[in-house]
Amino acid sequence: MIGLISATAAGAAARDRLAAAWPDRTRVYDGPVKDAVRAAFAECEQLVCFLATGAVVRLIAPLLGEKASDPGVVCVDEGGRFAVSLVGGHAGGANELARAVGGVLGAEPVVTTATDAVGLPGLDTLGFPVEGDVAAVSRALLDGEPVALEAEVTWPLPPLRVAAEGAYTIRVTDRAVEPAEREVVLRPPTLVAGVGASRGAPVEEVLGLVEGALRDAGLSVASLAELATIDAKAEEPGIVEAARRLGVPLVTYAAEELVRVDVPNPSEAPLAAVGTPSVAEAAALVGGGELLVPKRKSAMATCAVGRRPGRGRLAVVGLGPGARDLLTPRAQQELRRASVLVGLDQYVDQIRDLLRPGTRILESGLGAEEERARTAVAEARRGHAVALIGSGDAGVYAMASPALAEASDDIDVVGVPGVTAALAAGAILGAPLGHDHVSISLSDLHTPWEVIERRVRAAAEADLVVTFYNPRSRGRDWQLPKALAILAGHREPTTPVGVVRNASRPDESSRLTTLAELDPATVDMMTVVTVGNTATREIAGRMVTPRGYRWQDNRQEEAK
């Protein structure tokens, strides 16, 4: 929960805007400011104070305890110009909160944490436990000193600007090792403890068995991702409480899933009792991986430990039509998260400044779509965090489909939507897509013209608004006239047509014409052509396709 505190009418107005935007995440604290800050500090994970930074410093100073447990505190000035991350930038999430508050209120986020200021990810913000000399290794990264990365397990990481050798080390491991001097140990969630238990097995027995298995194998409990068992034991108190005490989720599987997992130590007893020859080992190995600790037993419980395979991550990111303010916040987050970026060279240039230092860039020219898709998937399969970029929405005539056709279920895939060229052009023209519409690419490089023509005829007969992508190039100049002729057989010559070139970019141009007057020679590959349906009209210089609301029909009848 985020506590909101203000002292003036202007602060209260900004506070209420934030509360309205985040109704389920915020709580307003009224009354004397000192009492409100004290109460919010004790009850909330984060605070946003609409007060001067000096006042907040004095108010929270007596309340500060441990860096790891104190709430993150953000200050917003009286004019709503700045959102300052004051306390708990990383551990308390104040840096991200400042950016989020700035996005809602239109304030400039002010973040002074050293790693954030220069674009490096904080080692304590990677989402899993970190041990060792975080300050010294972070300082070495900031100063450009060589920091070695020793990855004993594969896990996707953001760009860390590391070297093959160095006086400082970042070690990625799930083993129970103590950090050496000048070393940070990152513990990704690689381990799965499969458990089984007789009815009524005490939590101390289950917990002791799991912790003993990890300890004896030299594995760190900090890398434990989950407890796994059969669904028949989903409510077994000893297992449920053991998961709670370990701070991990309890994941359950049906007997039909577990019986398909090959295990080294099957048994007749669980087969007769719950329908699978293995519970602990099978639950630890669902989804693949290696068995690190074979089944071991206590009086009433069984346990096995597996290491899940390190799964790479592929984010397919739509960059929008070109304008920076039409690039979504989620897309920016994924670009900063990726250690490898794959994309068309001209698209890479658009967002190069958003990448973290150390991001490996794999760029290529026009016509290499399949190569880029294969490269992105291959890098993800090596365990990297990869961003594959495309203009507009990456799923619309862009990189998502070839990449997903290449990918299998051995990597995690995330899609990040973007503003499409059709939507960007539509916003410039007015509201041409106000009713049913279709997008058709006129490029026959990947689709036979016979198929394209059949789709154009279907759209014409269905009276759909049509947006043409890839309408005309130097070597492909007859397809657009042909498509327009097909539409002209079903629509009046006066049908509005919108032509937008380089939508949202500095050299953007647009014009509104008609089906009869459009000159295809004025169109190129950077242009989107939108042809209205029989109801589309030009109204006050804008292209509008009405929805056919009844109240509009009534108003038009009254005007007659």
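For the structure given in this document, a descriptive report is provided here. Since the model is a prediction, treat every value here as computed from it, not as a measurement. (Residues numbered from 1 in each chain as written. Predicted model: local features only at pLDDT ≥ 70, side-chain atom pairs only at ≥ 80, totals over all residues. Heavy atoms only, no water.)

1. As for the environment of I170
So, step 1. Summarising the element assignment, I170 is placed in strand 9 (residues 168–172).
So, step 2. For the pair I170 and T536, spaced 366 residues apart in sequence, the C-alpha separation works out to 61 Å.
So, step 3. The residues touching I170, leaving out its near neighbours within four places in the chain, are L123, V137, L141, V147, A148, L149, E150, L160, V162, V184 and L186. (Helix = DSSP H or I, 4+ residues; strand = E, 2+ residues; numbered from the N terminus. Contact = heavy atoms within 4.5 Å.)

2. Structural notes on the sheet that holds strand 19 (residues 385–390)
So, step 1. Pairing in this open sheet of five strands is parallel, and the strands run 18-17-19-16-20 from one edge to the other. The two strands at the open ends of the sheet, each matched to only one other strand, are strand 18 (360–364) and strand 20 (412–416). Adjacent strand axes in the sheet meet at a mean angle of 15°, parallel and antiparallel pairs treated alike.
So, step 2. Sheet topology note: the strand 17 (residues 340–344)/strand 18 ladder contains five bridges and is parallel. If you follow L344 over to strand 18, its bridge partner there is S364. (Pairing = 2+ DSSP bridges. Axes fitted to C-alpha atoms, helices over the stretch in contact; angles between N-to-C directions.)

3. Here's the deal with the packing of helix 17 (residues 449–461) against helix 18 (residues 479–488)
So, step 1. Interaxial distance between helix 17 and helix 18 falls to 9 Å at its minimum, and their mutual angle equals 30°. The angle between helix 17 and helix 18 falls in the class roughly parallel. In this structure, helix 17 crosses over helix 18, and the sense of that crossing is right-handed. Where helix 17 approaches helix 18, its residues W449, E453, V456, R457 and A460 are matched on the opposing element by Q479, K482, A483, I486 and L487.
So, step 2. In the contact of helix 17 with helix 18, the residues fall into six nonpolar, one polar and three charged. (Parallel < 35°, antiparallel > 145°, perpendicular 65-115°, else oblique. Left-handed = near helix turned anticlockwise from the far one by under 90°. Nonpolar A, V, L, I, M, F, W, Y, C, P; charged D, E, K, R; others polar.)

4. Description of the packing of aromatic side chains
So, step 1. Summed over the entire model, instances satisfying the criterion amount to two aromatic pairs.
So, step 2. Centroid distance Y397 to Y469: 4.7 Å. Interplanar angle 50°. Geometry classified as tilted. Linking Y397 in the loop between strand 19 and helix 15 (400–406) with Y469 in strand 23 (residues 465–469), this pair joins segments that are 72 residues apart in sequence.
So, step 3. Among the residues examined, Y397 registers a relative accessible area of 44% and is labelled partly exposed.
So, step 4. Given the relative accessible area of 10%, Y469 is considered buried.
So, step 5. With a centroid separation of 5.1 Å and an interplanar angle of 70°, the aromatic rings of W449 and W478 are classed as edge-to-face. Linking W449 in helix 17 with W478 in the loop between strand 23 and helix 18, this pair joins segments that are 29 residues apart in sequence.
So, step 6. Classification of W478 as partly exposed rests on a relative accessible area of 43%.
So, step 7. The ring of W22 has R25 sitting right over it, with the charged end atom 4.2 Å from the ring centre. (Phe/Tyr/Trp six-rings, centres within 6.5 Å; stacked < 30°, edge-to-face > 60°. Buried < 20%, exposed > 50% of the residue type's maximum accessible area, 1.4 Å probe, protein only. Lys NZ or Arg CZ within 6 Å of the ring centre and 35° of its normal.)

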